[in-house]
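# Structural overview
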Amino acid sequence: MPVVATAAPVHSSSPPAASDAAAAEAEADLSSALSLANIRQTLIRLEDTIIFSLIERAQFARNEPVYEAGAIPVPGFHATGSRYSLLEYLLREIEQVHGRIRRYTSPDEYAFFPEDLPALVLPPITYEQVLAPCSTVVNINTAILDMYLQDLLPEISVPGDDHNYGSSAMNDVTALQALSKRIHYGMFVAEAKFRKQTEQYSELIRRQDSAAILDLLTDRAVELKVIERVRLKAATFGVDLSSGGDGCTSYRVQPEVVAQLYEKWIMPLTKEVEVQYLLRRLDAESGGSSSDGAAAASKAQQRQHSAAA
Ligand SMILES: C=C(O[C@@H]1C=C(C(=O)O)C=C[C@H]1O)C(=O)O
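Notes on the structure follow. (Residues numbered from 1 in each chain as written. Predicted model: local features only at pLDDT ≥ 70, side-chain atom pairs only at ≥ 80, totals over all residues. Heavy atoms only, no water.)

This next bit is on the site of the ligand. Lining the immediate environment of the ligand, one finds 15 residues, of which R40, R182, K193, D219 and E223 sit closest. Between the ligand and R182, the relevant distance is 2.7 Å, taken from an oxygen atom to a side-chain nitrogen or oxygen of the residue. Within the contact set of the ligand, an oxygen atom lies 2.7 Å away from a side-chain nitrogen or oxygen of K193. Computed on the free molecule, the ligand has an accessible area of 360 Å², of which 99% lies beneath the protein chains in the complex. At the level of elements, α2 (36-57), α6 (186-196), α9 (220-237) and α10 (255-279) are the ones that each hand at least two residues to the shell around the ligand. The greatest single-element share of the shell around the ligand, amounting to 4 residues, is contributed by α10. (Near = heavy atom within 4 Å. Polar contact = N/O pair within 3.5 Å; in protein donor to acceptor, adjacent residues only side chain to side chain. Areas by Shrake-Rupley, 256 points an atom, 1.4 Å probe, with all protein chains shown as cover. Helix = DSSP H or I, 4+ residues; strand = E, 2+ residues; numbered from the N terminus.)

Shown next as structure tokens:
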């Protein structure tokens, strides 16, 4: 399982802290895990993963049949006319396998189909409780999938059908999982900000003032640095080295497209996660209001599965 750089898993098998030094070390680990600088370093590392995944997907044409329900029948999974697309088939199947080896018990991993996660086949890991229980309730992967299909994919793939359906779907899944991880990492950012300005956020949370919370958590200077950095990374990682002979450099994904994706979609969705997490931050230990039951139940349920394993 990926070790969360800012909140490494603490295995429950370790003995309770026997000394003040151990308790101080655990406290230091937690404060390091929630330092905004460390969390931002993880977001910077995830930029590389996202940009390379977009470069890989951009090799293939749009391949619309991959996204049309029932357009590519998958024997045993669904017949022609089914409500599922090839992409959904692949995403669901991968989440089944990864789910069994406890990927989605990690606090930085969020499934696209959390309600369908299977029982674990590996013993559970108990992670340091860095986030509040409401983190099991926040999951915006439906919005991320919609954004990917409606707004992102048309920007990075040329129209047409080259029949590379399997490769397109595989690269889509890699990109979607990287985007989901980056956007849901907004919960670590939100927790760090909450702990730095507890009173200010608590007052806004008690009023459920989402607009004011969004305003308080927004850091435009950081956003502008992110946009510039991803534009430069895309130009560096994506340059077509076989081009340039005629003075015109070409790119596998246009750097400006990547910059715009961050500006218009990735950062706003990250802030949406931050706001949703903060709005529930003061909820009781139950992990969210009744209307959030399904998402909470699925993440908690898999953890419960793990307890039974
Ligand atoms: C992630 C943060 O919160 C917000 C979202 C950002 C992003 O998605 O990159 C950047 C700055 C903030 O507006 C942060 O403060 O680092």
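Another point: unusual backbone geometry. For residues besides glycine, phi is generally negative; the peptide bonds are generally trans as well. One non-glycine residue, N63, adopts positive backbone phi at about 55 degrees. Within the secondary structure, N63 is located in the loop between α2 and α3 (86-100). Judged by relative accessible area, N63 falls into the buried class, the value being 0%. You will see that R102, though not glycine, has its phi angle at about 65 degrees, which is positive. Relative to the helices and strands, R102 resides in the loop between α3 and α4 (141-156). (Buried < 20%, exposed > 50% of the residue type's maximum accessible area, 1.4 Å probe, protein only.)

Among the residues of helix α7 (residues 198-206), Y201, S202, L204 and I205 are the ones counted as buried. All buried residues of α7 fall inside an arc of 165 degrees around its axis, so they share one side. Set apart from the buried face of α7 by more than 90 degrees, the exposed residues are E199 and R206. Buried-residue contacts for α7 involve α6, α8 (210-217) and α10. One or two residues past the end of α7 sits Q208, with phi positive at roughly 50 degrees. (Arc of directions from axis to C-beta. Contact = heavy atoms within 4.5 Å.)

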